[in-house]
Each structure stands twice: as structure tokens, then as C-alpha cells.
Amino acid sequence: MAMELIDTHVHLNDKIFEGELNWLREHWQAAGVTKLVHSCVCPEEFESIRAIANQFPEVYFAVGLHPLDAQKWTGETKEEILRKGAADERVVALGEMGLDYYKAENKELQKEILKAQLEVAKELDLPVIIHCREAAAELREICQEFWEKSGAVSGVMHCWGGTPAETQWFLDLGFYISFSGIVTFKNAKTVKESAQMVPSDRLLIETDCPYLAPVPKRGKRNEPANVKYVAECLAELRNVSEETIAQETTANACLLFGI
């Protein structure tokens, strides 16, 4: 029996894939990818993402506002995310949301938007897809405060690039940790260390396509089929079989996203 893999973070609605989705699907099916979770960077994307899920029944999706799109937040956005999150049973998460402090001048706004989206996730009882760049300590603080005030929210630290110490912070908060093609990069020493320490019941894999293609496809356009290279790298780092990684990450994704 072939390995089953779940790519837990894709952006198939990117213009770079226009007109090529059927061909991409043949690729991901050949690679053993049986389910995909399509992330969302702003609510305006919702219908284009839903159209892809209508075309391919193995695609589930999210709705949310990415921290790099914080300027798009209006007085109506929270209600819009709430409404869209409840509008389709294939919505399995909220996000991607989080903090991105790389060159950021709107840190306070990002924090407020993250808190608002955590409130929506709590209301809808959906997990969150978290984007975190150069903001691990601040993100941890926000989550700890929210958990104490409102209760824990489940979710995943997507495309994780943090240190082992930071990884432990988010494991302690109950998050799953998802590794992308970055873990295959030769110079990604701390990411590889983090990948070795995540418990097997908290591990996820993703491509974040069309970005961050793993070795041996680095520098090319990424696609869901390439998640197999992430699985191969994790198997090597963790000294287990690829089948074990496939079974663990698939079971974890099904549990977290209810798919």
C-alpha cells in the first residue's frame, strides 16, 4: 500500500498555478498526497479557495487575515471571518494569522488583529494556523494571556523556523508544529534540531507552496507533491521510516483539522 501524506499548508489559488491545477493534482496524487489544507491570507480570497475545494474534494480550507495584510483589517473584518468560518463545513481552521515582525512598523495592530481572530476561533471551535516570524516571544505572551482569560485554542505553528527552546514554548501551549521545505535546507541547523524534538503526536508536514521548495527542488516553484521530500527529511532526522512519518503526520492532521 502506498504512503498517504497530507499537505497541511498550500496556496493553490496563487496566480502562478493558473490553468495548471489538474496537472498539479496528478502530481500530488502520484506522490501519495490524499488531503490538502488550503490556507487563506485575507477573507477576499475565500471564494477563490472555495472554488478550488469544489473542484477537488480532497481540499479543505481556512479563512483569516495574515499579519502582512494587517492594513486590510476594518471594523467589519472580524464579523466577516466569523461568518465565512461558519459558512462551509470544509472550513477546518482559521488563518493564517499571527505576527510577522520582520521590518514591521505595525506591531500593535498585528497584535490586536491576532487577538480578535483567536476570539473567532474560540467561538467557532476551530483550530488556528499561526504564522510567526521574528516574534516568538510576543506571540507566546499573547497566547498565554488568551489561554488564561478565555481557554486554550488548538492550532499549528506553520512553516516553523524557531529554535528548540521556542518550539517547546508552543508545544507547552498545545500547538502542533509543522515543518516545510526549510527543514531540508543545508544551513537550517536549528530547524533540524527542532524537528528532532517534536513529539510524534504533534508533528505535521507542509509545502507552503508555491514558496520554499524543498531540496532537491530548491529554487523552483513549489507544489504539493513535494511534501514527500519534507517527509523523507524528517524520517532521516528522526531516525524512523518514511512510512512512520507518513502515518504519524497524517493521523495528526486528521485529528487537528477534523478531516
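The rules behind each value
Residues numbered from 1 in each chain as written. Predicted model: local features only at pLDDT ≥ 70, side-chain atom pairs only at ≥ 80, totals over all residues. Heavy atoms only, no water. Helix = DSSP H or I, 4+ residues; strand = E, 2+ residues; numbered from the N terminus. Rg over C-alpha atoms; globule rule 2.2 N^0.38 Å. Buried < 20%, exposed > 50% of the residue type's maximum accessible area, 1.4 Å probe, protein only. Contact = heavy atoms within 4.5 Å. Arc of directions from axis to C-beta. Phe/Tyr/Trp six-rings, centres within 6.5 Å; stacked < 30°, edge-to-face > 60°. Lys NZ or Arg CZ within 6 Å of the ring centre and 35° of its normal. Pairing = 2+ DSSP bridges. Axes fitted to C-alpha atoms, helices over the stretch in contact; angles between N-to-C directions.

S.K.: Quick one: what's the story with the overall build of the protein chain, residue by residue and with numbers?
M.R.: Across its full length, the protein chain holds 9 helices and 8 strands. Computed over C-alpha atoms, the radius of gyration of the protein chain comes to 17 Å, within 12% of the 18 Å expected from 2.2 N^0.38 for 259 residues, which places it in the range of a compact globule. Seen along its three principal axes, the alpha-carbon backbone of the protein chain occupies a region of about 50 × 40 × 30 Å. Counting every position in the protein chain, which comprises 259 residues, the buried fraction comes to 55%. Contacts in the protein chain between residues at least 24 apart in sequence constitute 74% of all its contacts with a sequence separation of at least 6.

S.K.: An account of the environment of Met 157 is requested, with residue identities and associated values reported.
M.R.: By secondary structure assignment, the location of Met 157 is in strand β6 (residues 155–157). Classification of Met 157 as buried rests on a relative accessible area of 0%. Separated by 18 residues in the primary sequence, Met 157 and Phe 175 have C-alpha atoms spaced 6.6 Å apart.

S.K.: Please give an account of helix α7 (residues 189–197) that cites residues and values.
M.R.: Residue pairs three or four apart in sequence face the same way in an α-helix, which turns once every 3.6 residues. Val 191, Lys 192, Ser 194 and Ala 195 are the residues of α7 that are buried. Take α7 and look down its axis: the buried residues cluster within an arc of 160°, on one side only. Considering only its buried residues, α7 is in contact with α6 (164–172), β7 (176–179) and α8 (227–238).

S.K.: Before we move on, could you go through helix α2 (residues 46–55) and cite the residues and values that matter?
M.R.: Regarding α2, the residues found buried are Phe 46, Ile 49, Arg 50, Ile 52 and Ala 53. Seen from one end, α2 has its buried residues packed into an arc of 155°, which puts them on one side. Contacts from the buried residues of α2 go to α1 (21–30), β2 (33–38), β3 (59–63), α3 (77–85) and β4 (91–100).

S.K.: Tell me what's going on with the packing of aromatic side chains, and back it up with residues and numbers.
M.R.: Per the counting criterion, the structure on display carries 7 aromatic pairs. For the pair Trp 28 and Phe 56, a centre-to-centre distance of 5.6 Å together with 85° between the ring planes defines the contact as edge-to-face. On the criterion of sequence distance, the pair formed by Trp 28 in helix α1 and Phe 56 in the loop between α2 and β3 is long-range, its members being 28 residues apart. Ring pairing ties together the aromatic residues Phe 146, Trp 147, Trp 160, Trp 169, Phe 170 and Phe 175, which thus form one cluster. Here Arg 133 stacks its cationic end above the ring of Tyr 102, 3.8 Å away from the centre of that ring. Between the NZ or CZ atom of Arg 218 and the centre of the ring of Phe 185, over which it lies, the distance is 3.6 Å.

S.K.: Account for the sheet that holds β4, naming residues and giving values.
M.R.: Taken in spatial order, the 8 strands make up an open sheet running β1-β2-β3-β4-β5-β6-β7-β8, and their pairing is parallel. Both outer strands of the open sheet, β1 (5–10) and β8 (203–205), are each paired with one neighbouring strand and no more. Between one strand and the next, the sheet's axes are offset by a mean angle of 30°, whatever the strand orientation. Where β2 lies against β3, 3 bridges are found, and the strand directions are parallel. The partner of Leu 36 across the bridge, within β3, is Val 59. In the packing of α2 onto the sheet, contacts are made with β2, β3 and β4, and the angle to β3 comes to roughly 165°.

These values are about where atoms sit, not about what they do.
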